[in-house]
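Chain and residue survey
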Amino acid sequence: MNFKHLFLTTLFATSFGLVACDNSSSAESSDDNSNKNGKQDVISHSGQAYCNVTTTANSVTVSMALEGEATYTSTVTDAGSRYKTISSEYWYASSSDANKECNDQKEEAASWRDGSYQVSCSGNTIYISEIDEGSLSNHESNFRDMCNKFNAQYGSSSGQNNSTTNRNNGSNAEFSCDVSRTGNSVTMLVSYKGYAFETSSSLLGTGSEVSSVTTMKNVYPNKERANYECQSLKRTATGYPDGSYQISCSDKTVSITIIGDGDKEFVYMNGYVDDYCETARDAYNNGELDDMYEIY
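Overview of the structure. Only a predicted model underlies this, so the values are computations on that prediction, with no experimental measurement involved.

The next point concerns the overall build of the protein. On a plain count of helices and strands, the protein comes out with six helices and twelve strands. Looking at the protein residue by residue over its 296 residues, the buried ones come to 46%. Sequence separation of 24 or more characterises 58% of the internal contacts of the protein that already satisfy a separation of 6 or more. In the form shown here, the protein has an accessible surface area of approximately 14,400 Å², with 46% of it arising from carbon and sulfur atoms.

The next subject is the state of the cysteines. Tallying each qualifying case throughout the model produces three disulfides. Disulfide partner of C102: C121, at an S-S distance of 2.0 Å. Where C102 bonds to C121 through sulfur, the torsion about that S-S bond is close to 105°, and the disulfide is right-handed. Here C102, found in helix α2 (residues 95-110), pairs with C121, found in strand β5 (residues 117-122); they are 19 residues apart in sequence, far enough to count as distant. Taking the relative accessible area as the measure of exposure, C102 reaches 9% and is therefore buried. A relative accessible area of 31% means that C121 is categorised as partly exposed.

Glancing now at the packing of aromatic side chains. Following the criterion strictly, the structure yields 14 aromatic pairs and no others. Ring centres of F175 and Y284 lie 5.2 Å apart, and the angle between their planes is 25°; this geometry places the pair in the stacked category. Placement of F175 in strand β7 (residues 175-182) and of Y284 in helix α5 (residues 264-285) is noted, with a sequence separation of 109 residues between them. We note that F175, like Y284, is buried. Aromatic pair Y192 and Y284: ring centres 6.0 Å apart, planes at 85°, arrangement edge-to-face. On the criterion of sequence distance, the pair formed by Y192 in strand β8 (residues 185-192) and Y284 in helix α5 is long-range, its members being 92 residues apart.

Across the nine residues of strand β3 (residues 70-78), seven count as buried, placing the element largely inside the fold. By the bridge criterion, eight bridges tie strand β2 (residues 59-66) to β3 in an arrangement that is antiparallel. By the bridge assignment, V60 is partnered in β3 with V76. Counting the residues that bridge the hairpin from β2 to β3 gives three residues, and of these G68 lies at a positive phi of roughly 80°. Relative to strand β4 (residues 84-92), β3 runs antiparallel, the two sharing nine bridges. Each residue of the ladder has a partner; that of D78, found in β4, is K84. Hairpin remark: β3 followed by β4, antiparallel, with five residues in the connecting loop; positive phi at G80, about 95°.

This part covers the sheet that holds strand β12 (residues 253-261). Read from one edge of the open sheet, six strands run β7-β8-β9-β10-β12-β11, paired in antiparallel fashion. Because the sheet does not close on itself, it has two edges, and the strands there are β7 and β11 (245-250). The average angle at which neighbouring strand axes cross in this sheet is 10°, direction not considered. Contacting β9 (195-204), β11 and β12, helix α4 (residues 223-237) runs over the sheet at an angle of about 160° to β11. Here α5 sits on the sheet and contacts β7, β8, β9 and β10 (211-219); the angle it forms with β7, its principal contact strand, is near 155°.

Looking now at unusual backbone geometry. Positive phi outside glycine occurs at K193, with the angle close to 45°. Within the fold, K193 resides in the loop between β8 and β9. Backbone geometry at D251 places phi at a positive 55°, although glycine is not the residue there. Within the fold, D251 resides in the loop between β11 and β12. For D251, a relative accessible area of 45% puts it in the partly exposed group.

About the criteria used
Residues numbered from 1 in each chain as written. Predicted model: local features only at pLDDT ≥ 70, side-chain atom pairs only at ≥ 80, totals over all residues. Heavy atoms only, no water. Helix = DSSP H or I, 4+ residues; strand = E, 2+ residues; numbered from the N terminus. Buried < 20%, exposed > 50% of the residue type's maximum accessible area, 1.4 Å probe, protein only. Contact = heavy atoms within 4.5 Å. Areas by Shrake-Rupley, 256 points an atom, 1.4 Å probe, with all protein chains shown as cover. Disulfide = S-S within 2.5 Å. Phe/Tyr/Trp six-rings, centres within 6.5 Å; stacked < 30°, edge-to-face > 60°. Pairing = 2+ DSSP bridges. Axes fitted to C-alpha atoms, helices over the stretch in contact; angles between N-to-C directions.

Structure (C-alpha cells):
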C-alpha cells in the first residue's frame, strides 16, 4: 500500500472538508510554466466536480477537482521494475492554501531521506515525484476507492459519479460510465438518455469449486425497447437449458443472471467493462453514442 500517496490524498481532502478523494474543476491555473519536468498538466475544465480514474497498459491516473477551488492529478507508471514512479500535481485557487500545501509537502518530503519523495512548487501549483512499491492494480484500487468516497459526497450535487476508467464529458452529466472493483468483484454503471445499465461480476468459491456469477440490470427509456430486449434475451436463454442463463423482465427493466463454472466469465468481464467504457466514451465524444445504442 502506498502510504505516502494516501497521505497526499487525505491532506487534499482535509483542506476542503472532503472524504479522502479529489475532484475536478473548471478553475484555471495561473501557473503558465511550461517546464514541468514531464509531469502531467493540471486538469482545468468548466463543469462540476468530478473524480475519474483512467488506465493504460502501464499506468493508472486519478484526476479530481472541485470547481473553482482545487485540482489534483496523480499518475502511477510501471516501467517494468519493482518500483513504480508517481507524479502528482495539486493546484489551489487560493494562494494561502497553495502555500500551506507546499510547506506541508516539503515537510513530508524531508522525512524521506532516501530521496524517494520530492516536492517543488510554482505559483499555486505543487508538483510531487515519488518512487514507491505496489502493483498498478493496488494503486488503481486505491484511486477508485478515493473516487467512490468523493462521489458519495458530491455525486448528487454534481450529477456525476465518475470513479471510472473514463472521463465523463458534458456539464449536464448526460453520459457516465463508471467502473469499480472490490475484492473478487467488478461493477460497471452506465447512464445515458434514460438508459441505465448495471453489470456486476463476482467470483464465488475456491479451488475446483470456483464459479463466476454475472448479473445485469438494464433499464430502458421506454417499455417498447425493454420488451424488445427482453424477448431477444429470452431467445438466447433457451440455448442454456441448464438454467445458467436467466432472464426476468418488469416494466422497463430487464435483469440477466449468468452462472458459470470456473473463472472464465469473471476474467472476461473484468477486462470487458474497461473496454466498454472506453468505447462508449469515444462514441459519446464523437457524437456516435446514439448509433451505438440504436437511438433513432
